[in-house]
Amino acid sequence: MLTPNLTVNAKGHLCIGGADCVDLARDYGTPLYVMDEQMIRENCRGYQDVIAKEYGGNGMICYASKAFSCKEIYRVTESEGLGADVVSGGELYTALEAGMPAEKIVFHGNSKTNSELEFAVRTGVGRIVCDNLPELSRLQSIAAAQNKIVTVMLRVKPGIDAHTHDFVQTGKIDSKFGFALETGEAKEAVLTAMGYQNLKLSGLHCHIGSQIFDTEPFAEAARVMLRFMDTLRESDGIVLPELNLGGGPGIKYVEQDDPKPFGDVIRTILNAVHETCDTLSYPEPYVLFEPGRSIVGGAGLTLYTVMAKKIIPNVRTYVLVDGGMCDNPRYALYQSEYEAVCANRAGEPKTETVTLGGKCCESGDLLGENMPLQSVEPDDILAVLATGAYNYSMASHYNRNPNPEVVMVKDGEARTVIRRERYEDIVRNDI
Ligand code: LLP
C-alpha cells in the first residue's frame, strides 16, 4: 500500500487508521474525505523532532493550512506544538476560532486586502510576511492607526529552480510572489521596512515551490538567503534574527514517487544553515518552516461510489464516480497522478486500466487516466489515495455540487470534522 496506515482487513476492505472504508462510506455517505489523525500527529512530531535535535529547538514549524484548513486541523497541529501559516482572512479567522494563539500565526499573501491586514493587526498575529512595497506602506498606516508595532518578515525570491511543475514554482524571478534579489528590490524593501516606525522587521522568508523531491534546492535557498542577510549586515549593519524557509517537501502519490523523507530534507537544510552561518560568522537565526502537503497529504483519502462504467472499445474505459473536479481539481489543473483502489475488494489484483471520470459537466473533469484498478462495477466504493492536501481546500461548488463531509479517524473510530453541505447551504447567500 502507498502509506503504512493503509491496510486490508479480513473482509478484503481497505482500512485507514484502523477504520474500514466500506463502513465509513455506508455511515457517512460519499463522496467522503477521510483523514487519519494519528498520521497527521506523527508527521507533526517528526518535524518538531528534527528542529529539537538538529537545531536546539530554535525554531517553529507552522502548518501551512492552505493544504487543508478547518477548525479541527488547527486544534490537532497546535496540540502538537505547531503554529500556523495562513494566507487569507478566512484561514486566519478559522485558526483563531479554533484557538490557535495569534502569536503563533504567520500571515502570508501576495495581495492582502486592507481589511485582512486590519484584522491581522487587531488580533495580534505574530508575523505578517509582506510581499510588496504598497503592502508595506498600507500596513504601516494600519499599524499606526491601531497604535501598534507589528512584526513583519519580507518574502524574497531566492531565484531557485526547484524542478517541479511550473505552476507551483514560486521562488524564481518570474513569480508574482515576493521581492527579487537580483534587481535590488529585496534590499530596497528591507530598508523601507526598517524606516517604518510601526513595523518591526524580524527577518526574511522564502518558499521555492511545492511537491519537491530533491533536498538540494532547499539547502541552496537557505544559503542564498543567509548570504543576502550577510550583505545587509556588511552594507547597512542590519542583522536580522529570523529566517523562514517556507514549505515544499514532496509526498508519495503513486508507487513510482520516491520523495526523500521530510526529516532528511529539514536536516539537510539545517546543516546548510549551520555551515553557512559558520563560514560567514553570522549568528544562527531562529528558523521557521511551513510544511503543508507533507503533514496532511498522505494522511487523507477520498471515498466515492462508482455510478457507471463505460467501455469504449479500443479507446478507453471510463469509471464514473459521484464526485470529481469539484472535490479534487488537481488532475484537471496539474495532471497530478493518484492511485485508486476498490475499497470493497482491496485485496484483489488490479486487472484493468481506467480513466476515472467525475460528475461535473466538463470533459476535463477527470481524477486520473491510465489508472490500474480492480475490475469495478456500479455501487462499488472507490478510494483515491493521498488526497489529504489541496483537495478539500481547493474544492469548488461547480455545478452547485455541495462540498463533501470530512471525517477524521483515530484508533479505528471516525468523527465528523466538517459536515456535508446540504442544498440549503448552497443557496444560503442567494437572494
Ligand atoms: N509556505 C508558503 C509561503 C507557500 O506558498 C506554500 C504553498 C507552503 C508554505 C506550503 O507548501 P507545501 O509544504 O504544502 O508544499 N495547490 C498546489 C500547491 C500550491 C502550494 C502553494 N504554496 C497543489 O495542489 O499542488
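Criteria and thresholds
- Residues numbered from 1 in each chain as written.
- Predicted model: local features only at pLDDT ≥ 70, side-chain atom pairs only at ≥ 80, totals over all residues.
- Heavy atoms only, no water.
- Core = buried A, V, L, I, M, F, W, Y, C linked by side-chain atoms within 4.5 Å.
- Buried < 20%, exposed > 50% of the residue type's maximum accessible area, 1.4 Å probe, protein only.
- Domains from an automatic or database assignment.
- Axes fitted to C-alpha atoms, helices over the stretch in contact; angles between N-to-C directions.
- Helix = DSSP H or I, 4+ residues; strand = E, 2+ residues; numbered from the N terminus.
- Parallel < 35°, antiparallel > 145°, perpendicular 65-115°, else oblique.
- Left-handed = near helix turned anticlockwise from the far one by under 90°.
- Contact = heavy atoms within 4.5 Å.
- Nonpolar A, V, L, I, M, F, W, Y, C, P; charged D, E, K, R; others polar.
- Buried area = accessible area lost by both parts, 1.4 Å probe.
- Salt bridge = Lys/Arg side-chain N within 4 Å of Asp/Glu carboxyl O.
- Polar contact = N/O pair within 3.5 Å; in protein donor to acceptor, adjacent residues only side chain to side chain.
- Near = heavy atom within 4 Å.
- Areas by Shrake-Rupley, 256 points an atom, 1.4 Å probe, with all protein chains shown as cover.

**Observations regarding the nonpolar core**
Of all hydrophobic cores here, the largest spans 86 residues; its most connected members are I40, F68, I128, L154 and V296. Looking at which domains feed residues into this core, each of domain 1 (6-30 + 299-426) and domain 2 (37-295) gives three or more. By size, the runner-up hydrophobic cluster in this structure holds 39 residues, among which are C21, Y253, L303 and A383.

**Focus: the packing of helix α2 (residues 37-55) against helix α3 (residues 71-79)**
Here α2 crosses α3 at 45°, and the two axes come no closer than 9 Å. When the axis of α2 is compared with that of α3, the two are oblique. Helix-helix and strand crossings are classified by hand; for α2 and α3 the assignment is right-handed. Contacts between α2 and α3 involve E37, I40, R41 and C44 from the former and I73, V76, T77 and S79 from the latter. Grouping the amino acids of the contact of α2 with α3 by side-chain chemistry returns 4 nonpolar, 2 polar and 2 charged.

**Brief notes about the domain arrangement of the protein**
For the protein, the domain assignment lists domain 1 (6-30 + 299-426) and domain 2 (37-295). Computed from C-alpha coordinates alone, the two centres of domain 1 and domain 2 are separated by 33 Å. Taken together, the contact between domain 1 and domain 2 spans 22 residues of the former and 24 residues of the latter. Across the interface of domain 1 and domain 2, roughly 1,900 Å² is buried in total on both sides, 61% from carbon and sulfur atoms. Per-residue buried area on domain 1 facing domain 2 is highest for A299, Y390 and M408; these three make up 28% of the total on that side. Linking domain 1 to domain 2 there are 2 salt bridges. Across the pair R415 and E37 runs a salt bridge, and its minimum N-O distance is 2.8 Å. Taken together, domain 1 and domain 2 are joined by 6 residue pairs in polar contact (both at pLDDT 80 or more). Where the side of domain 1 that touches domain 2 is concerned, the elements lending two or more residues are α11 (330-334), β20 (405-410) and β21 (413-418).

**Thoughts on the site of the ligand**
Close to the ligand lie 19 residues, the nearest being S210, E290, R293, R330 and Y390. Contact between the ligand and R330: an oxygen atom at 2.5 Å from a side-chain N or O atom of the residue. Take Y390: an N or O atom from its side chain is 2.6 Å from an oxygen atom of the ligand. When the ligand sits alone it has 590 Å² of accessible area, and the protein chains cover 90% of it. Per-class residue counts for the shell around the ligand are 6 nonpolar, 7 polar and 6 charged. Each of domain 1 (6-30 + 299-426) and domain 2 (37-295) contributes no fewer than three residues to the shell around the ligand.

**Quick word on the environment of G159**
When you line up the elements, G159 lands in the loop between β9 (150-157) and β10 (179-180). C-alpha of G159 to C-alpha of C206: the two residues are 47 residues apart in sequence and 9.9 Å apart in space.

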